[in-house]
Amino acid sequence: MSERLRIDPAHLIDASAALLGRLREHPPLVQCITNSVVTNFTANALLAIGAAPAMVDIREESGLFAGIAGGLLVNLGTPAEEQRDAAREAVAAASVAGTPWVLDPVAIGALPVRTALAHELVASRPTAIRGNASEIIALAGAGAGGRGVDAADSTDAAADAATSLALAHGSVVAVSGPVDLITDGRRTARIANGDALLTRVTGGGCALVAVTAAFLGASRDAGAAADGSTDAALLADPFVATVAATVVYTIAAELAASRSAGPGSFAVAFLDALATVAPADVLDRANVTVTDAAASAIASAITEPTTATAGA
Amino acid sequence: MSERLRIDPAHLIDASAALLGRLREHPPLVQCITNSVVTNFTANALLAIGAAPAMVDIREESGLFAGIAGGLLVNLGTPAEEQRDAAREAVAAASVAGTPWVLDPVAIGALPVRTALAHELVASRPTAIRGNASEIIALAGAGAGGRGVDAADSTDAAADAATSLALAHGSVVAVSGPVDLITDGRRTARIANGDALLTRVTGGGCALVAVTAAFLGASRDAGAAADGSTDAALLADPFVATVAATVVYTIAAELAASRSAGPGSFAVAFLDALATVAPADVLDRANVTVTDAAASAIASAITEPTTATAGA
Amino acid sequence: MSERLRIDPAHLIDASAALLGRLREHPPLVQCITNSVVTNFTANALLAIGAAPAMVDIREESGLFAGIAGGLLVNLGTPAEEQRDAAREAVAAASVAGTPWVLDPVAIGALPVRTALAHELVASRPTAIRGNASEIIALAGAGAGGRGVDAADSTDAAADAATSLALAHGSVVAVSGPVDLITDGRRTARIANGDALLTRVTGGGCALVAVTAAFLGASRDAGAAADGSTDAALLADPFVATVAATVVYTIAAELAASRSAGPGSFAVAFLDALATVAPADVLDRANVTVTDAAASAIASAITEPTTATAGA
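The name given to chain A in an unreviewed UniProt entry is Hydroxyethylthiazole kinase, with Agromyces allii as the source organism. Per UniProt, the comment on chain A under Pathway (unreviewed entry) is "Cofactor biosynthesis; thiamine diphosphate biosynthesis; 4-methyl-5-(2-phosphoethyl)-thiazole from 5-(2-hydroxyethyl)-4-methylthiazole: step 1/1." Check the Function (unreviewed entry) section of the UniProt entry for chain A; it says "Catalyzes the phosphorylation of the hydroxyl group of 4-methyl-5-beta-hydroxyethylthiazole (THZ)."

Now the structure itself:
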């Protein structure tokens, strides 16, 4: 691993605060192809943080839109037939246009339709992938998957699977849990912010994936405006953007939890907090550590056929 | 009617409190096939009460999932073509696996697609059926149905239809209204808890049906763990579980109404109350009466061809 | 323009207050064919204001229901294939039955499926059309449309397009923005109530269109009960009903904004405010001006072929 890949946690936190400011100055247009349970909460979370959501998930429109969107979310929670076709169209167009996109492989493993689609789409090299430990293990081909949106496996149990997946597809992989784990296959960040109430609100996890697409959109804009400095390169790095989304989102959850009497009032306070969480909150509260990705996983990835395209 | 069928209201209330505790200790996985308006509120209500919701409503997945779920909800509010097929798959699999399932025949009567599907599905003998008076009367074949989700008929006007339906299909039948009526064709409970604000929030009725599926799941677990005692048999009785769901849900509504300024704040306070309503609240506040089912309805059911399968 | 068409703002405001009272006394049944993001918020807004929502959006049911509904909303935000057919059925039946209906051409212009459907449906002469400036310009055939649900053009930039559209199809046309513009092609009202928080909640605009359908339903009832007086004719006028819906809705937003800490708590307070906003609030707070429609647009409309059916 080259020295230039190392990132200090303090730099990650500074960059997270900077990307939040940038997202609000230049709201990215985020296309959401997502499940029917969380569409409303997801759109409200995006509006609250400062992005512009658009649910364009039908055939003959989703591809067109993915070409002009700032970021794309593909969530497989309720993948009805027309939506599956729309997801394929959008991913193909995002790949051509360079639109950053995030895959949320909800409940894959035991359920065949979404599992097959997740494996098909991941071959198009998502900018980021986010799931719970069971889903990431299933997508990496190393387990049988979850029982819905619960995580039966712990976050660290999925560390090797996450690294392998990241290297195989050139993606940033985020594993959701009490401590979020994010890796690009070379570097791994662990984020210990958040609140358990997020798991008592449906869409608490799904909306973070949409917000990740928004930060990837802001990050791409930062890259386009880059002046060649180290800081600009940092803002344009998808690994940094994925960490930033997670840090901002989970800190907003902490702020909201302190004002909540239960899951109903938490959901309301959380949307308020997403709208008001400031770069200063990020600097004050972020709890981030960074390590090299597990050497074993990297070694394993290098010797396995699925890594033919890795290392990009 | 045999003596053993009689249940004292005090025993019903004790069992309701016990099932609430049991549900929270062993969260049932509740599969929801429901309408597009209430998916989010339904999932949040299930999470709040302590269950694990999963919306699996596409072809080639819904049957698989119904085989492993703790309970299944089939709501016919927006029955698009793919969802209708998914409902058929899920009901067939639930029947084979013994998964308890609840039918919510939203707005049947005047609308032909859902009416035909409701009559088709009810033949698979749902564990429970819940609707307003118009819907229950329409499903029993005795009326023209409602004008959407409103109840044009009063709860007691549907008492005979509910009893007939219960005997014809071996189901517990619940009629929603200011006083909820629940019958298994032998015994009828009336529950006078709740608040009118529940009718000002979309999904206020639909989510109760999902919560009923959760209590049926907890009840089945109780049955599997039964020690042969009278109390254990009570917890495993679908009639008791349906009453328990209704009592807990409507008491949570009362607790929330006292903290609300209108339907918006009520919906929020209600989710908070579902998360905090305690067995002690059930013992304090439950307003339940029990009678034998109407003799006339039973007599009528016994002489009608549709009761060929009754008495199970 | 004939003298009788002129309406004083004070009369418009009085009529708005009267229609609000009438809607609550005789709740109209409002059929919603709308996008998957806002179904829940839309239904809750309708319940809060006092109407009865029903989402009937599948083939072989939507037409039947449109024949008995008090008002119909067709929103093109996520027009999946089955919903497109349901929209066609419903519009055809509404036209036959005289059910007032409103078209919300969400994000038309750049996206081909919804754009084609909007042009097809508008030929059936909606009672009202509501969109942002970009959408109205696109529907009038005078621009390339928006980038989703944002308005790239200002409200007044769409004034001529709105007037042309109104005259071409005999519709009331409403352009949403910081100041709402409403015209029937002869008279134009501008409403300066509201709060920017409405744009931070998904469905903030879509639910207004549903509420417009509710007021059109109440207005039609008023027409049926008319005693021939000037006041009765005013209440039965779709232009007046569209203004009334907008005034009531945006005043509720003002009341809610004063009790909100951000978009999450605003959405909750807004539903509470819709349930409590009173005719007296309308009289106190309404900020309405009325002018003749732009003469240039009328002249242009009269000389263009699309106005062959205008003047109705």
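**Comments concerning the overall build of chain A**
In terms of helices and strands, chain A carries 13 helices and nine strands. Going through the 312 residues of chain A one by one, you find that 62% of them count as buried. Long-range pairs, those at least 24 residues apart, make up 74% of the contacts in chain A with a sequence separation of at least 6. Counting every atom, chain A has about 10,200 Å² of accessible surface; 55% of that belongs to carbon and sulfur.

**Quick notes on the interface of chain C and chain A**
Many analyses report the size of an interface as the accessible area lost when the parts associate. Tallying the contact residues gives 28 residues for chain C and 25 residues for chain A. Together, the buried faces of chain C and chain A total about 2,000 Å²; carbon and sulfur atoms form 58% of this surface. At the boundary of chain C and chain A, one finds twelve residue pairs in polar contact (both at pLDDT 80 or more). For the side of chain C that touches chain A, the elements supplying multiple residues, two or more each, are α4 (81-97), α5 (112-122) and α11 (263-276) of chain C. Counting residues per element, the side of chain C that touches chain A draws most heavily on α11(C), at four residues.

**Considering the pairing of strand β7 (residues 180-183) of chain C**
Residue and element names in this part refer to chain C. The alternating pattern of β7 places Asp180 and Ile182 on one face and Leu181 and Thr183 on the opposite face, and all of these are buried. The pairing of strand β6 (residues 172-176) with β7 spans three bridges and is antiparallel. Bridge assignment links Val175 to a residue of β7, and that residue is Leu181. Counting the residues in the hairpin turn of β6 and β7 gives three residues. In the sheet, β7 pairs with strand β8 (residues 187-191) via four bridges, with the strands oriented antiparallel. Across the sheet, Thr183 pairs through a bridge with Thr188, a residue of β8. Two successive antiparallel strands, β7 and β8, enclose a turn made up of three residues, where Gly185 displays a positive phi of approximately 95°.

**Observations regarding the relation of the copies chain C and chain A**
Each of the two chain copies goes to the other by way of a rotation about an axis and a shift along it. For the pair chain C and chain A, the best superposition has an RMSD of 0.0 Å and corresponds to a rotation of 120° with a translation of 0.0 Å parallel to the axis. Look at the turn and shift together and you get a three-fold axis relating the two. Nearest to the rotation axis, the C-alpha of Ser36(C) is located 3.9 Å from it, this being the minimum over chain C. Here only 4% of the contact residues of chain C are again contact residues in chain A; the copies associate through non-equivalent surfaces.

**Focus on the UniProt feature "binding site: substrate" (unreviewed entry) in chain A**
Here, UniProt's "binding site: substrate" (unreviewed entry) annotation points to Met55(A) and Gly203(A). Among the secondary structure elements, Met55(A) is positioned in the loop between β2 (52-54) and α3 (62-68). When neighbours within four sequence positions are excluded, Met55(A) is seen to be in contact with Cys32(A), Ile33(A), Thr34(A), Thr39(A), Ser36(C), Val37(C), Gly77(C) and Thr78(C). Mapping Gly203(A) onto the fold places it in the loop between β8 (187-191) and α8 (206-224). In this structure Gly203(A) comes out as buried when scored by relative accessible area, which is 7%.

**Comments concerning the environment of Ile137(C)**
Mapped onto the elements of the fold, Ile137(C) is located in helix α6 (residues 133-139). Placed 29 residues apart in sequence, Ile137(C) and Ile108(C) show a C-alpha to C-alpha distance of 9.7 Å.

**Quick look at the side chain of Asp184(A)**
All names here are of chain A. Here Asp184 is to be found in the loop between β7 (180-183) and β8. Exposure remark for Asp184: the relative accessible area of 16% places this residue in the buried category. Within polar-contact distance, the side chain of Asp184 engages the backbone nitrogen of Arg186 at 2.9 Å. Engagement of the side chain of Asp184 in a polar contact is seen with the side chain of Arg187, the distance being 2.4 Å. Excluding its chain neighbours within four sequence positions, the residues that come into contact with Asp184 are Ala166, Leu167, Ser171, Val172 and Phe239.

Analysis parameters
- Residues numbered from 1 in each chain as written.
- Chains lettered and ligands numbered in written order.
- Predicted model: local features only at pLDDT ≥ 70, side-chain atom pairs only at ≥ 80, totals over all residues.
- Heavy atoms only, no water.
- UniProt positions renumbered as here; feature names shortened; annotations may be inferred.
- Helix = DSSP H or I, 4+ residues; strand = E, 2+ residues; numbered from the N terminus.
- Buried < 20%, exposed > 50% of the residue type's maximum accessible area, 1.4 Å probe, protein only.
- Contact = heavy atoms within 4.5 Å.
- Areas by Shrake-Rupley, 256 points an atom, 1.4 Å probe, with all protein chains shown as cover.
- Buried area = accessible area lost by both parts, 1.4 Å probe.
- Polar contact = N/O pair within 3.5 Å; in protein donor to acceptor, adjacent residues only side chain to side chain.
- Pairing = 2+ DSSP bridges.
- Least-squares fit on C-alpha atoms with pLDDT ≥ 70 in both.

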